Amino acid sequence: MAQASSAQKQWDTVNRVVFPIDDRESVMPLYAVRWTRPHVPESVFDSVSQLQRADVASLNPIGFDKTMREATADAGAARDELSDFMVLSRRSALLKPGAHISFCTYFNAFPASYWQRWTSVRSVRLVMQVCGEGEINVFKSTARGLFSTVKTLELHSDDDDNTVDGLQADQSQSDNPYTGHSGHDALRIVDSQAEVMTDLGNGWKQIALEIPLSGLLDGGYFWFDAYCRPIMGSGRSGFPALTIRNVGWQVPMADLPRCEQKGQDGPDAQGADSDFAQATEDDENSDRDGRYSASVVFAYEATHPSCSIAITTFNRTPYCLRQLKAIAGEGELRKRLDTVYCIDQGSDKVCEQDGFDEVSADLGSQLTYIQQANIGGSGGFSRGMLESIDAGRSAYTILLDDDAIMEPESLLRSIQFEDYAKHPVLVGGGMFHLDDRTMLHVQGERFDRGSLRPCPPAGASYNHDFAVSPLRDSPELHARFDCDYSGWWMCLIPNSVIREIGLSLPLFIKYDDVEYGLRAREHGYPTVGLPGVAVWHQGWHDKDISRTWEEYYAQRNRWICALLHFPNAGKRYVFRMMYEDAHLGVKLMYSGMKLHHMALRDVMRGPDNLVDTLSTKLPDVREAREGFDDSRVSQDLEAFPAPVAVFENLRPALSGDEFAKAAAKEVVKAVFSRQDGTHDAAPQVAMKSKDAVWPSFDGVSSALVTTSDGNGAAWLKRDSKLYRRNLRECYRIARSLVRRWDSLADSYRSADLSSPDFWRVIFSS
């Protein structure tokens with residue numbers, strides 16, 4: 001059979017190019033940046049050089065000057081105010097004469113490598129509608145971050161010569177040019193690269209360019225830049241500006257897994273939805289790899305499956321209501337939405353807030369509001385998962401944090417990526433800092449087997465600022481990254497996966513997302529941290545959980561996670577438990593040490609204790625913190641004696657090895673210290689929350705430290721005798737836990753803690 005031409009294929013728009021309507025000044029570098037001359041460092045061409053340490057001290061003046069030139073090349077140009085670029089709407093923008101704008105940005109570049117790796121798609125089509133004169137330059141990059149031109153499209157406003165690259169365009173107009181479902185006579189192939197141009201009238205043209213998807217397994221993006229020619233001569237007429245609209249990246253619908261493309265004569269959407277719901281209600285109708293059995297295939301071909309969204313909230317009513325309003329206002333998203341499960345576990349009810357009735361009426365049946373007792377984020381999200389699979393109407397469930405600010409296009413992209421995935425995958429969203437809107441904290445994470453802590457994917461790092469280093473000028477970000485899990489600020493999970501591996505563990509808060517990602521991967525369902533899919537969320541830099549009751553849950557749940565997924569514990573885990581204890585004590589956080597011990601003991605009590613205390617443990621944890629100096633917080637600084645001095649960090653910067661050695665020395669020093677701050681008449685130093693890290697407490701007997709939320713302070717006092725007693729107790733607990741590791745692991749694995757039936761009992765009680 002001859003391969004279908006671009007015009008003969010049916011195309012599905014999976015990434016719409018969008019522009020910000022709110023907070024444009026804060027987030028514009030994530031959508032569009034000013035074009036700058038490309039600058040690629042030499043290390044991109046030489047992989048060996050990346051294995052060598054940079055030796056700044058050995059640079060001569062010439063080498064230093066060269067390094068500074070490279071570091072500051074075009075610095076700031078990409079984040080200049082785009083005065084010659086105007087956002088007209090969510091889907092359209094205008095370039096003034098002389099403007100040169102790049103869309104190689106986080107939200108508007110197409111993550112081609114991820115589509116080649118995880119889907120069967122082998123060609124992508126860029127479509128857009130344009131009006132005016134200029135150029136559209138289409139690019140592709142490699143995993144090294146090197147990029148080349150795919151096509152340069154010349155745009156002319158002369159109605160008598162509507163050409164692309166000098167080729168006469170078809171003057172007929174398609175019935176629906178954007179979706180690509182028009183008749184074949186409306187579009188004409190004009191060259192071997194499947195480039196199509198259609199005259200839409202009134203100066204508007206539609207351009208469609210098909211691009212092969214190959215050679216990108218290790219990394220690479222597609223994107224386009226737009227250039228509006230400056231007006232030459234006083235008598236020049238035509239279109240002085242260049243307007244673009246309805247830009248999207250499309251894939252062939254024939255590449256939907258296990259679906260042969262059908263024509264327009266199929267069942268109506270309502271009938272297809274009904275067939276789909278009926279088929280998915282029975283677990284036997286879903287096969288092992290998550291696609292649908294023969295009874296569902298016909299319905300799936302006729303319409304894409306729907307998706308549910310689960311939001312759990314606890315006394316964050318303004319945030320949750322804002323989230324519901326944002327979803328209600330997104331028409332394209334609602335076409336794929338079955339319902340939003342809003343799980344309200346607080347005493348300040350969302351349903352009692354001004355504006356809830358209006359958004360509830362707007363969403364109608366697409367909102368399912370559920371009230372239940374507070375059993376933590378794991379309990380709230382598990383309720384949403386359970387409701388979704390029991391209803392049987394959705395193929396996917398998106399877990400969405402109540403206080404996250406979403407880019408609505410992200411939800412659609414995650415759904416449509418899952419549509420085309422060769423096998424079921426979890427699709428995770430990245431997290432941007434809410435207080436630095438262009439700073440990407442992370443796209444997906446690994447769980448380090450040594451430290452049992454989250455870490456970035458191999459080759460990636462935390463906290464990349466796209467305002468300073470746009471995607472176009474960040475070659476390291478063009479590689480494809482693999483992750484273990486995605487934070488549940490936003491994560492799509494196929495319902496077939498939920499049916500097979502269960503819901504969340506009853507962990508209350510912390511590490512439920514980590515454990516689920518590891519469990520899914522072990523069952524053959526990896527997590528894809530998909531670029532272009534993200535939310536804004538409050539970062540962790542202002543959340544020091546070691547100074548709160550959350551420390552208990554973090555420590556308990558990470559070790560439960562380790563028991564379930566990492567067999568053969570040894571001395572390294574004894575060391576890790578001791579390290580955590582020592583780290584807390586060096587910061588004078590003796591309440592944290594107590595919570596750490598409490599957490600390890602509860603791990604050894606087994607899975608029954610986890611279940612029995614799900615809704616009752618929090619008061620016990622709060623009570624355990626009482627009585628320690630670091631837990632006595634006052635919002636009035638005048639309640640404390642005036643500190644003797646103000647802390648100032650004068651320590652020299654250290655290398656990684658030097659830093660580790662310094663930490664070990666500090667622990668040893670603290671163990672043998674005879675210093676006692678419990679009798680200090682006044683704090684030795686006043687210390688800001690951001691400075692309250694372990695090196696700052698070297699030689700400090702007591703410190704007045706502000707809380708991480710900035711609303712109070714606590715007077716931390718060194719107690720060397722208590723520190724030594726705590727370390728001895730931690731060593732005893734750690735040895736006991738490691739000796740029982742295998743039996744504990746078996747008991748947690750054999751317990752039925754994540755099944756739908758287990759959670760039904762919890763919810764009914």
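Further up the page is the structure itself.
Remember, predicted model here, so these are calculated numbers, not experimental data.

Turning our eyes to something else, we now look at the overall build of the protein chain. The secondary structure content of the protein chain amounts to 21 helices and 31 strands. Buried residues in the protein chain amount to 58% of all 765 residues. Put simply, of all contacts in the protein chain between residues at least 6 apart along the chain, 78% involve residues at least 24 apart. Surface summary for the protein chain: the accessible area is close to 32500 Å², and the carbon and sulfur share equals 50%.

A few words on the pattern of salt bridges. Overall, the coordinates contain 36 salt bridges when judged by the stated rule. One salt bridge connects Asp544 with Lys587, and the closest N-O pair in it is separated by 3.7 Å. With Asp544 in the loop between strand E26 (527–537) and helix H13 (550–565) and Lys587 in the loop between helix H14 (571–586) and helix H15 (590–604), the pair connects residues that are 43 residues apart, well separated along the chain. In this structure Lys587 comes out as buried when scored by relative accessible area, which is 6%.

The next thing to look at is the environment of Ala714. Of note, Ala714 is situated in strand E31 (residues 713–717). Each C-alpha atom, one on Ala714 and one on Arg632, is 5.8 Å from the other, the two residues being 82 residues apart in sequence. Discounting residues that sit within four places of it in the chain, Ala714 has contacts with Asp629, Asp630, Arg632, Val633, Phe640, Ala703, Leu704 and Val705.

To continue, consider the sheet that holds strand E28 (residues 645–646). Ordered by their spatial adjacency, five strands build an open sheet running E27-E31-E30-E29-E28, and the pairing between neighbours is mixed. Unpaired on one side and paired on the other, strand E27 (633–634) and E28 mark the two borders of the sheet. Note that strand E30 (residues 702–706) and E31 share five bridges and pair antiparallel. The partner of Ala703 across the bridge, within E31, is Leu716.

Let us now look at the pairing of strand E7 (residues 134–141). With six of its eight residues buried, E7 lies for the most part within the structure. In this structure, E7 lies alongside strand E8 (residues 147–155), joined through eight bridges in antiparallel fashion. Bridging from a neighbouring strand, Ser141 pairs with Phe147 of E8. In the sheet, E7 pairs with strand E13 (residues 222–228) via seven bridges, with the strands oriented antiparallel. Within the sheet, the bridge partner assigned to Phe139 lies in E13 and is Trp223.

Our focus in this paragraph is the packing of aromatic side chains. Centre-to-centre distance and the angle between the planes together describe a pair of aromatic rings. Under the counting rule described, the total for this entry stands at 36 aromatic pairs. Considering the side-chain rings of Phe222 and Trp249, the 6.3 Å spacing of their centres and the 35° angle between planes classify their relative orientation as tilted. Of this pair, Phe222 sits in strand E13 while Trp249 sits in strand E14 (residues 242–252), and the two are 27 residues apart along the sequence. Here Phe222 and Trp249 have matching classes, each one buried. In textbook terms, an aromatic cluster arises when at least three aromatic residues are bridged by ring pairs, as seen for Tyr31, Tyr106, Phe107, Phe432, Phe466 and Trp536.

What follows concerns the packing of helix H18 (residues 656–671) against helix H19 (residues 720–739). Packing of H18 against H19 leaves a shortest axis separation of 9 Å and a crossing angle of 110°. On the basis of the axis angle, H18 is roughly perpendicular to H19. Taking contact as the criterion, the partners of Val667, Ala670 and Val671 in H18 are, on H19, Tyr723, Arg724 and Leu727. Among the residues forming the contact of H18 with H19, the class breakdown is five nonpolar, no polar and one charged.

Moving on to H19. Along its 20 residues, H19 runs 29 Å from first to last C-alpha, staying within 8% of the 28 Å computed at 1.5 Å per residue. Among the structural elements, H14, H15, H18 and helix H20 (741–750) are those in contact with the buried residues of H19.

The subject of this paragraph is the nonpolar core. One recurring pattern in soluble globular proteins: nonpolar side chains tend to sit buried together. Core analysis: the largest hydrophobic core is formed by 105 residues, its most contacted members being Phe85 and Phe224. Examining the composition of this core, we find that six residues originate from one element, E26, more than from any other. Once residues lying within four places of it in the same chain are set aside, the contact partners of Phe85 are Phe19, Met28, Ala32, Ala93, Leu94, Leu95, Ile101 and Phe103. Ile498, Met604, Ile733 and Leu737 belong to the second-largest nonpolar core, a separate cluster that totals 93 residues.

Parameters and conventions
- Sequence order as written defines residue numbering, which begins from 1 separately in each chain.
- For this predicted model, a pLDDT threshold of at least 70 governs which residues receive local features, and a threshold of 80 or more governs which side-chain atom pairs are given and counted, while totals over whole chains, interfaces and linings are taken from all residues.
- With hydrogens and water stripped out, all remaining heavy atoms of the structure feed into the side-chain values.
- Helix and strand assignments come from DSSP, with helices taken as H or I runs of at least 4 residues and strands as E runs of at least 2, each series counted from the N terminus.
- When a residue's accessible area, from a 1.4 Å probe over protein chains only, is under 20% of the maximum for its type it is buried; when over 50% it is exposed; and in between it is partly exposed.
- Here, two residues are considered to be in contact whenever any of their heavy atoms come within 4.5 Å of each other.
- We get accessible surface area from the Shrake-Rupley algorithm with a probe of 1.4 Å; when it comes to residues, only the shown protein chains can shield them.
- Should a side-chain nitrogen of Lys or Arg be within 4 Å of a carboxyl oxygen of Asp or Glu, the pair is scored as a salt bridge.
- Paired strands are those between which DSSP finds at least two bridges.
- Here a Phe, Tyr or Trp ring, Trp counted by its six-membered ring, pairs with any other such ring whose centre lies within 6.5 Å, and the pair is stacked when the planes are under 30 degrees apart, edge-to-face when over 60, and tilted otherwise.
- Throughout, an axis means a line fitted to C-alpha atoms (over the contacting stretch in the case of helices), and angles, computed between N-to-C directions, take values from 0 to 180 degrees.
- Throughout this description, any angle smaller than 35 degrees is read as roughly parallel, any larger than 145 degrees as roughly antiparallel, any in the 65 to 115 degree range as roughly perpendicular, and the remainder as oblique.
- Each residue gets one of three labels, nonpolar for Ala, Val, Leu, Ile, Met, Phe, Trp, Tyr, Cys and Pro, charged for Asp, Glu, Lys and Arg, and polar for the others, Gly among them.
- The length a helix should cover is 1.5 Å for every residue beyond the first.
- To form a nonpolar core, buried Ala, Val, Leu, Ile, Met, Phe, Trp, Tyr and Cys residues must be joined to one another through side-chain atoms within 4.5 Å.

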